[in-house]
Amino acid sequence: MTGTIAFRRKATDRVMRWVFTLCAFLVVLPLFLIFFDLVIKGAKELRWTLLVDLPHPVGEPGGGIANGILGTIVITLLTMTWSVPVAVLSGIYLAEYGRGKLSSAVRFAVDTLTGVPSIIMGIFAYILVVLPMKRFSAWAGAAALSMIFIPVVVRTTEDMLRTVPTTVREGALALGIARWKATLRITVRTAWPGILTGILLAMSRIIGETAPLIFTALGNQFWQTKFDQPMAAVPLQVFTYAISPYEDWHDKAWAGALVLITMVLLINIAARVLTREKR
Amino acid sequence: MAPRFGRNPADLAFEKASAFFASVVLFLAVLLFAVLLRESFPALRKFGASFLVTGTWDPVLERFGALPFLYGTVVSSFIALLIAVPLSVGAAIFINEFAPPWLKAPVSLLAELLAAIPSVIYGLWGIFILVPILRYGLMKPLAKYLGWIPLFKGPVYGPSMLAAGVLLAIMIIPFILSVSREVLATVPQRQKEAVLSLGGTRWEMIRIVIGQHCLPGIFGATILGLGRALGETMAVTMVIGNRPEIFASLFQQGYSMAAVIANEFAEAGGLQLSSLILIGLLLMLVTFVVNLAAKGILSKMVARASRGI
């Protein structure tokens, strides 16, 4: 009797072990499938012209996504030029000065903004930028992406600054350095690799954002570098090509996706390498 | 925190400047809410609460109701949780309790990479790979043999509520997995060893100790995953079928709140635009409440763990 109970317990243990292993396998399986398909299907169209040519009309062979690559870089850099200072300084405020009502309100706002679906940021930029300007533009796209970028970077900046020991600050102040200088030159510099990692991770996220760009930057079939005009972006091209009914555009979508994931992964790896060096 | 030393003007200026930028962030959050509220007001005044329970979406007659989109968002997210939660928790248990040391880092790195993939790429993969697999491998056979159950009724097109749910599940797994792992790690080692030393098997240890200790945390992780799933746009738009009707069958097309905004916003005007913004406002409020709940549950969990209970 006790023997069968022991057997059943051991058997259940073994079965559950296999169930958990299977779960882990099923969790990583999609990743392999996605990368496999991206490489197989994306490589078909991956030639030099993809990176340097404008899109061609349907049915005409060749053509590329050069305007989208340029647009993605332009919109991302545009977003970061004002978002990085705003976010880093806000993070400094929260970590170094923030006490009382303002800081808890800001913290709550940052938490809330982090959870807002990205398409809502598109609506926001549409109402505030597209409607007054009466046209879709790179400005509007960057405005939408800023709303995603800023809260993430505020949070990581605050967290990273909090890892700097108080003794470092006290040491600097004891030497008679003005507090603002001590903050920027000692505290922020000590935490900088971590902050930069946060900035890079946020950047890799906005590079792939699509939903908030659909009705802000809109996309463009031609070269466009003016900030007040509709601008192309790789994620938008992937979307447009994927839902089109044309076979050769589907191939372009896969190639564009391969380019996009390469950009995202390179930045991700850079961020990881940076964090590792810090330790 | 360093003590406040003598206030020289430069110090004061720097503090004020950083406070100003922090206020900008606060202002943006308030502005976001205010702008959505103002712009959705025409639709809110016209339709009122009936907006939530009306199923018509007719730009020609200017009659708008959000029910099909609410339904699609809720059902697709629910399917996603149904698949993602058991898989993530199981994988988390495997990584934390069973995996050989050399396997832990790669598996969690791979799961993290899943979170970094842009959602438009999930959508692309969904359209061309996942939907055909589901269509021929799962939906067609199910519709053929179990078609008398309303949930599995044909015809089978491919893009469907089920496809959206499965794709969403893959997308939210990394988040539920990483939170579950943190929750599992809060179980005191002594308690686990106590069960093992009494002669319990690994599974019994997991069932007893982790089951009693971690359920609130896993619930928190689930709610967090729900928050992600509700607002996901591109992937859902690309595989859900985009048809503003309500079907009992999971194999039929559906629509979601985020998807209708993505599809119709650029060309909408007047009352339709206002209605879309109202849907956006609702979506924002729902994700806000869901995220707040998840945070509340999880922080309570962490507080309990830090007290070592």
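Residues numbered from 1 in each chain as written. Chains lettered and ligands numbered in written order. Predicted model: local features only at pLDDT ≥ 70, side-chain atom pairs only at ≥ 80, totals over all residues. Heavy atoms only, no water.

### Some points on the overall build of chain A
Okay, step 1: A tally of helices and strands in chain A yields 11 helices and zero strands.
Okay, step 2: Going from the N terminus to the C terminus, chain A shows its helices and strands as α-α-α-α-α-α-α-α-α-α-α.
Okay, step 3: On C-alpha atoms alone, chain A measures out to a radius of gyration of 24 Å, which is more than a quarter above the 19 Å that the 2.2 N^0.38 rule sets for 279 residues.
Okay, step 4: Each of the three principal axes of chain A carries a C-alpha extent, and together these read 80 × 70 × 35 Å.
Okay, step 5: Residue burial in chain A is summarised as follows: out of 279 residues, 54% are buried.
Okay, step 6: Of the contacts made within chain A by residues no fewer than 6 positions apart, 75% connect residues no fewer than 24 positions apart.
Okay, step 7: A total accessible area of about 12500 Å² is found for chain A, and carbon and sulfur atoms account for 68% of it.
Okay, step 8: Computing the positive centroid from 27 side-chain charges and the negative centroid from 16, chain A places the two 12 Å apart. (Helix = DSSP H or I, 4+ residues; strand = E, 2+ residues; numbered from the N terminus. Rg over C-alpha atoms; globule rule 2.2 N^0.38 Å. Buried < 20%, exposed > 50% of the residue type's maximum accessible area, 1.4 Å probe, protein only. Contact = heavy atoms within 4.5 Å. Areas by Shrake-Rupley, 256 points an atom, 1.4 Å probe, with all protein chains shown as cover. Lys, Arg positive; Asp, Glu negative; His and termini not counted. Charge placed at Lys NZ, Arg CZ, Asp CG, Glu CD.)

### Points about the interface of chain B and chain A
Okay, step 1: Each partner contributes residues to the interface: chain B has 79 residues there, and chain A has 83 residues.
Okay, step 2: At the boundary of chain B and chain A, one finds three salt bridges.
Okay, step 3: Taking the shortest distance from any N to any O, the salt bridge between B:Glu112 and A:Arg272 comes out at 3.1 Å.
Okay, step 4: In this assembly, chain B and chain A are joined by 12 residue pairs in polar contact (both at pLDDT 80 or more).
Okay, step 5: Per-element accounting of the side of chain B that touches chain A gives the leading share, 19 residues, to helix 1 (residues 9–47) of chain B.
Okay, step 6: Of the residues assigned to the side of chain B that touches chain A, the class counts are 59 nonpolar, 12 polar and eight charged. (Salt bridge = Lys/Arg side-chain N within 4 Å of Asp/Glu carboxyl O. Polar contact = N/O pair within 3.5 Å; in protein donor to acceptor, adjacent residues only side chain to side chain. Nonpolar A, V, L, I, M, F, W, Y, C, P; charged D, E, K, R; others polar.)

### Some words on unusual backbone geometry
A negative phi angle is the norm for most residues apart from glycine, just as the trans form is the norm for most peptide bonds.
All names here are of chain B.
Okay, step 1: Of the consecutive residues Gly154 and Pro155, the connecting peptide bond is found in the cis state with omega at -5 degrees.
Okay, step 2: Within the secondary structure, Pro155 is located in the loop between helix 4 (119–146) and helix 5 (161–185).
Okay, step 3: Here the phi dihedral of Glu62 falls at roughly 55 degrees; this positive angle occurs in a residue that is not glycine.

### Section: helix 3 (residues 101–116) of chain B
Okay, step 1: With 16 residues, helix 3 of chain B extends 24 Å from end C-alpha to end C-alpha; this agrees with the ideal 22 Å at 1.5 Å per step.
Okay, step 2: Of all the residues in helix 3 of chain B, the buried ones are B:Val107, B:Ser108, B:Ala111, B:Leu113 and B:Leu114. (Expected span 1.5 Å × (residues − 1).)

### Structural notes on the side chain of B:Gln252
Okay, step 1: Among the structural elements, B:Gln252 can be located in the loop between helix 8 (234–239) and helix 9 (257–264).
Okay, step 2: With residues near it in sequence (within four places) discarded, B:Gln252 still touches B:Lys153, B:Gly154, B:Pro155, B:Tyr157, B:Pro159, B:Ser160, B:Met161, B:Arg243 and B:Phe247.

### Remarks on the pattern of salt bridges
Okay, step 1: On inspection of all chains with the given rule, the structure shows 17 salt bridges over all chains.
Okay, step 2: Between B:Glu204 and A:Arg9 there is a salt bridge; the shortest N-O distance is 2.7 Å. In this pair, B:Glu204 is assigned in helix 7 (residues 202–231) and A:Arg9 in helix 1 (residues 2–43), connecting two distinct chains.
Okay, step 3: In this structure B:Glu204 comes out as buried when scored by relative accessible area, which is 14%.
Okay, step 4: In this structure A:Arg9 comes out as partly exposed when scored by relative accessible area, which is 31%.
Okay, step 5: Residues B:Glu245 and B:Arg243 are paired through a salt bridge, measuring 3.2 Å at the closest nitrogen-oxygen approach.
Okay, step 6: Shared partners join several salt bridges into a network, and the residues in it are A:Arg107, A:Asp111, A:Arg155, A:Glu158, A:Arg162 and B:Lys295.

### A short note on the packing of helix 3 (residues 66–97) of chain A against helix 1 of chain B
If you want to describe how two helices pack, look at the angle between their axes and the distance between the axes.
Okay, step 1: Axis separation between helix 3 of chain A and helix 1 of chain B bottoms out at 8 Å; the angle between their running directions is 115 degrees. Judged by the inter-axis angle, helix 3 of chain A sits roughly perpendicular to helix 1 of chain B. As helix 3 of chain A packs across helix 1 of chain B, the resulting crossing turns out to be left-handed. Of the residues in helix 1 of chain B, those touching helix 3 of chain A at A:Val86, A:Leu89, A:Ser90, A:Ile92, A:Tyr93 and A:Tyr97 are B:Phe14, B:Glu15, B:Ser18, B:Ala19, B:Phe21, B:Ala22, B:Val24 and B:Val25.
Okay, step 2: Partitioning the contact of helix 3 of chain A with helix 1 of chain B into residue classes produces 11 nonpolar, two polar and one charged. (Axes fitted to C-alpha atoms, helices over the stretch in contact; angles between N-to-C directions. Parallel < 35°, antiparallel > 145°, perpendicular 65-115°, else oblique. Left-handed = near helix turned anticlockwise from the far one by under 90°.)

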